[in-house]
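# Tertiary structure, described
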Amino acid sequence: MAEKVCSHHKSKKKKILRRCCAGLLIFSFIILFVILIVWAVLQPKKPRFTLQDATIFTLNVSAPNVISTTVQVTINSRNPNSRIGVYYDKLHAYATYHNQQITYYTAIPPVYQGHKDVNIWSPFIYGNNVPVAPYNGLALSQDQSNGAIRLTVKLDGRVKWKVGSFISGRYHLHVSCPAYIPLGNSKNTGIVVGNAVKYQLSQSCSVSV
């Protein structure tokens, strides 16, 4: 008799456990389905970036493997979403040449970007006597002699998405803006601004989140 009671209790516990597991799975499936439906309806799009101009204060090679750079860039950021806001957090701007970093990181203050909003940043990015691979120093000198250089202005940071009162977790943001600067090119001369030269670029940037 005792064995029957024990087996009865065991089977009852198994049924309760199975029901709890099934209920949990169904609840998880519903939550996931709702998230997918909301995400599909909102159709989130990545922010769009444009490198509008670059003002060159300093860009020279003091030794075969040492570069000094001072550049002010203007970057336009646009949120194409009509229902999703973007929090930009811990953004840093810097420049590279032939995939090698030639400036220090410049911090951009955190900002919230509303639906269809546009933000414009004009950070100074600089590096004094930054050591680089010798072939990059030689390549930069050659590019300057040829009348054009190709830098890449980059933004690295984190973003959060805002939908109504819901704010997502942080996602890594990587922006890469090619900056083709025609130094000394008669057809594309820059504008002299004090002791610097400003070049209009209006080049689109690639974005990964």
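Above: the structure in question.
Residues numbered from 1 in each chain as written. Predicted model: local features only at pLDDT ≥ 70, side-chain atom pairs only at ≥ 80, totals over all residues. Heavy atoms only, no water.

The next subject is the overall build of the chain. A count of helical and extended segments in the chain gives two helices and 14 strands. The buried share among the 209 residues of the chain stands at 36%. For the chain, contacts bridging at least 24 residues in sequence account for 73% of all contacts bridging at least 6. In the form shown here, the chain has an accessible surface area of approximately 12700 Å², with 59% of it arising from carbon and sulfur atoms. (Helix = DSSP H or I, 4+ residues; strand = E, 2+ residues; numbered from the N terminus. Buried < 20%, exposed > 50% of the residue type's maximum accessible area, 1.4 Å probe, protein only. Contact = heavy atoms within 4.5 Å. Areas by Shrake-Rupley, 256 points an atom, 1.4 Å probe, with all protein chains shown as cover.)

This brings us to the state of the cysteines. By definition, a disulfide links two cysteine residues through a covalent bond between their sulfur atoms. Taken as a whole and assessed by the stated rule, the structure comprises one disulfide. Linked covalently through their sulfurs, C177 and C205 form a disulfide whose S-S length is 2.1 Å. Between C177 and C205, the disulfide has an S-S torsion of 105° and is therefore right-handed. Separated by 28 residues along the polypeptide, C177 in strand β11 (residues 171-181) and C205 in the loop between β13 (196-204) and β14 (206-208) bring together distant segments of the chain. Given the relative accessible area of 0%, C177 is considered buried. (Disulfide = S-S within 2.5 Å.)

Take the pairing of strand β7 (residues 118-121) next. The two faces of β7 differ: N119 and W121 on one face are buried, but V118 and I120 on the other face are not. Inspection of the sheet shows strand β2 (residues 66-78) paired to β7 by four bridges, in the antiparallel sense. Following the sheet pairing, S77 is matched in β7 by N119. (Pairing = 2+ DSSP bridges.)

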